[in-house]
Amino acid sequence: MTSFGDLLGPPPTLLPGDDEAESDLLNGADPAAVAAAHPTASIAWAHLAEASLDGEPDTARIVAAYAYARTGYHRGLDQLRRNGWKGFGPVPWSHEQNQGFLRCVGALARAANAVGEEDEYLRCLDLLNDSDPNAIGELGLD
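Keep in mind that this is a model prediction, so the values were computed, not measured.

**Comments concerning the pattern of salt bridges**
Then, number 1: This structure, assessed with the given rule, holds four salt bridges.
Then, number 2: In this structure, Arg 103 engages Glu 50 in a salt bridge whose closest nitrogen and oxygen atoms are separated by 2.5 Å. Taken together, the positions of Arg 103 in helix 5 (residues 99–114) and Glu 50 in helix 3 (residues 42–53) put the pair 53 residues apart, joining distant regions of the chain.
Then, number 3: The class for Arg 103 is buried, based on a relative accessible area of 17%.
Then, number 4: Notably, a salt bridge pairs Arg 110 with Asp 54, separated by 3.9 Å at the nearest N-O pair. Taken together, the residues span a long stretch of sequence, with Arg 110 in helix 5 and Asp 54 in the loop between helix 3 and helix 4 (59–82) at a distance of 56 residues.
Then, number 5: Each member of the salt-bridge network shares a partner with another, and the members are Arg 70, Glu 120 and Arg 123.

**Some thoughts on the layout of surface pockets**
Then, number 1: In this structure, the largest pocket spans a volume of roughly 260 Å³.
Then, number 2: Every residue lining the largest pocket is counted, 17 residues in all, and those nearest its centre are Glu 22, Ile 43, Glu 96, Gly 100 and Arg 103.
Then, number 3: Counting residues per element, the ones that place at least two in the lining of the largest pocket are helix 1 (19–26), helix 3 and helix 5.
Then, number 4: The leading source of residues in the lining of the largest pocket is helix 5, at four residues.
Then, number 5: Each residue belonging to the lining of the largest pocket can be placed in one class, and the counts come to six nonpolar, seven polar and four charged.

**Remarks on the side chain of Asn 98**
Then, number 1: Relative to the helices and strands, Asn 98 resides in the loop between helix 4 and helix 5.
Then, number 2: Given the relative accessible area of 0%, Asn 98 is considered buried.
Then, number 3: Look past the residues within four positions of Asn 98 in its chain and what remains in contact with it is Thr 13, Leu 14, Leu 15, Val 91 and Pro 92.

**Considerations on the packing of helix 3 against helix 5**
Then, number 1: The contact between helix 3 and helix 5 brings their axes to 8 Å, and the two run at 30 degrees. As far as their axial angle goes, helix 5 and helix 3 are roughly parallel. Read as a crossing pair, helix 3 and helix 5 show a hand that is left-handed. Counted together, Ser 42, Ile 43, Trp 45, Ala 46, His 47, Ala 49, Glu 50 and Leu 53 of helix 3 and Gly 100, Phe 101, Arg 103, Cys 104, Ala 107, Arg 110 and Ala 111 of helix 5 form the full contact between these two elements.
Then, number 2: Of the residues contributing to the contact of helix 3 with helix 5, the split by class is nine nonpolar, three polar and three charged.

**Regarding the state of the cysteines**
The term disulfide refers to a covalent linkage connecting the sulfur atoms of a pair of cysteines.
Then, number 1: Under the counting rule described, the total for this entry stands at zero disulfides.
Then, number 2: Left unpaired, Cys 104 is separated from the closest cysteine sulfur, that of Cys 124, by 10 Å.

**Remarks on the nonpolar core**
Then, number 1: If you look at the biggest cluster of nonpolar residues, it comprises 41 residues, and the most contacted ones within it are Tyr 73, Leu 80, Phe 101, Val 105, Leu 128 and Leu 141.
Then, number 2: Where this core is concerned, the elements lending two or more residues are helix 1, helix 2 (31–37), helix 3, helix 4, helix 5, helix 6 (118–131) and helix 7 (133–138).
Then, number 3: Per-element tally for this core: the top contributor is helix 5, with nine residues.
Then, number 4: In this structure, Leu 128 is in contact with Leu 102, Val 105, Gly 106, Pro 133, Ala 135, Ile 136, Leu 139 and Leu 141, ignoring residues within four places of it in sequence.

Cut-offs used in this document
- Residues numbered from 1 in each chain as written.
- Predicted model: local features only at pLDDT ≥ 70, side-chain atom pairs only at ≥ 80, totals over all residues.
- Heavy atoms only, no water.
- Salt bridge = Lys/Arg side-chain N within 4 Å of Asp/Glu carboxyl O.
- Helix = DSSP H or I, 4+ residues; strand = E, 2+ residues; numbered from the N terminus.
- Buried < 20%, exposed > 50% of the residue type's maximum accessible area, 1.4 Å probe, protein only.
- 1 Å grid on protein atoms, 1.4 Å probe; cavity = no way out; pocket = protein on both sides within 12 Å on 5 of 7 lines; lining within 4 Å.
- Points joined across faces, edges and corners; volume = space filled by probe spheres on them.
- Nonpolar A, V, L, I, M, F, W, Y, C, P; charged D, E, K, R; others polar.
- Contact = heavy atoms within 4.5 Å.
- Axes fitted to C-alpha atoms, helices over the stretch in contact; angles between N-to-C directions.
- Parallel < 35°, antiparallel > 145°, perpendicular 65-115°, else oblique.
- Left-handed = near helix turned anticlockwise from the far one by under 90°.
- Disulfide = S-S within 2.5 Å.
- Core = buried A, V, L, I, M, F, W, Y, C linked by side-chain atoms within 4.5 Å.

Given below as structure tokens:
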């Protein structure tokens with residue numbers, strides 16, 4: 001793991017976010033409509049995944065959460081790479097625009113755990129820890 005103070009490691013990656021999607025969500029827009037209008041916005045996929053994981057657990061909701069989270073995760077990876085991330089290095093939770101991606105990774109971990117996909121669950125926890133050790137606690141995964 002690269003720490004935030006490691007002068008030899010890569011600098012933290014700070015995503016630009018999607019102001020319109022974030023504003024729509026803050027103003028109560030339906031996350032599905034926001035994801036359809038802004039499919040590259042990980043934050044919309046995070047909202048969908050987390051909503052599917054909340055409430056009474058059932059297989060269909062968990063599978064939907066897994067799909068939403070994986071979509072947001074991959075959209076976030078695309079953004080990270082476009083912003084200089086090389087597959088490792090800090091992605092700080094404290095930078096609000098990074099939280100959509102990190103929330104998708106957290107939701108993917110929860111969904112993978114719920115279906116018994118232990119390897120995926122552990123990979124997600126490792127990615128969160130490598131991105132920002134605080135993310136796991138912020139997401140309630142500790």
